[in-house]
Amino acid sequence: MSLNKNIFDRTISSLRLQYWLSIAVLASYFLLLIFDLLHNPFKGVEVGVTLERYAIVITIIAIPAAFKLFAEMLKKVSPASDIKTVVKSYKKASNIRLLIINIVTFMNISLYAISGNMNFFWFTIVLFIIYIFCKPSYSELAGLADKDKLNEQADSDNEKNS
């Protein structure tokens, strides 16, 4: 278990570094634009109603889709998988979830910077709150790896009862 713990620790620390860097970069970009410390040549450009509606719909769809995709990817991990496969699957699922949220956040920050529309500002705030639910979890990874042990134990219990 010591080797597994080491792999899990390295994986979670790597994922958390990506997580915090994503938040730091996007929050810095957002704050620089809010306080007009970053030159924005597109400021004041009118964003069409159609583009605004599509951006809002994309945001509303992307948030639950990112979480659902994450859950589906983890569900597909076979109970018979080895530790490396479990870790690889968890990393991939976490990175895809974070990437989707990052892209949508960047889109809303950029549209706010261009148009000054408060809808994009508030969606950005909501997306920063959503990051709380994207933080990589050691217990989630360990639970995913222990899923195969639980299934093996259930199978052996079923054989004993038969």
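Because the structure is a prediction, the values reported are computed rather than measured.

(A) Up close: the overall build of the chain. Looking only at helices and strands, one finds five helices and zero strands in the chain. For the chain, the proportion of contacts with a sequence separation of at least 24, taken over those separated by at least 6, is 83%. Looking at the chain as shown, the accessible area adds up to about 9,900 Å², and 65% of this sits on carbon and sulfur atoms.

(B) Representation of helix 4 (residues 118–130) in the model. End to end, helix 4 covers 18 Å across 13 residues, agreeing with the expected 18 Å (1.5 Å per residue, within 8%). Regarding helix 4, the residues found buried are Phe120, Phe121, Phe123, Thr124, Leu127, Phe128 and Ile130. Of the residues flanking the start of helix 4, the one acting as N-cap is Asn117, its side-chain oxygen 2.8 Å from the backbone nitrogen of Asn119.

(C) Expanded view of the nonpolar core. Residues Tyr19, Phe30, Ile101, Ile109, Phe128 and Tyr131 are the most contacted members of the largest nonpolar core, which totals 23 residues. Mapped by element, the contributors of at least two residues to this core are helix 1 (2–34), helix 2 (49–75), helix 3 (83–115) and helix 4. Leaving out residues up to four positions away in the same chain, Ile109 has contacts with Leu26, Tyr29, Phe30, Leu33, Thr124 and Phe128. Among the nonpolar cores identified, the runner-up in size contains 17 residues, and Ile7, Met73, Val87 and Ala142 belong to it.

Reading the values: the criteria
- Every chain is numbered independently, its residues counted from 1 as its sequence is written.
- The model is predicted, so local features are restricted to residues of pLDDT at least 70 and side-chain atom pairs to those at 80 or more, both for listing and for counting; the totals for chains, interfaces and linings are taken over all residues.
- For the side-chain quantities, the full set of heavy atoms in the structure was used; hydrogens and water were omitted.
- Numbering of helices and strands runs from the N terminus; a helix is a DSSP stretch of H or I covering at least four residues, while a strand is a stretch of E covering at least two.
- The contact rule is simple, with two residues in contact once any of their heavy atoms fall within 4.5 Å.
- For the accessible areas, the method is Shrake-Rupley and the probe is 1.4 Å, while residue cover comes only from the protein chains on display.
- Multiplying one less than the number of residues by 1.5 Å gives the expected span of a helix.
- Relative accessibility thresholds used throughout: buried, under 20% of the residue-type maximum; exposed, over 50%; partly exposed, between the two (1.4 Å probe, protein chains only).
- By the criterion applied in these results, polar contacts are pairs of N or O atoms within 3.5 Å in which, for protein atoms, one can donate a hydrogen and the other can accept it, and in which residues neighboring in sequence qualify only through two side-chain atoms.
- Buried Ala, Val, Leu, Ile, Met, Phe, Trp, Tyr and Cys residues that are joined via side-chain atoms within 4.5 Å together make up what is termed a nonpolar core.

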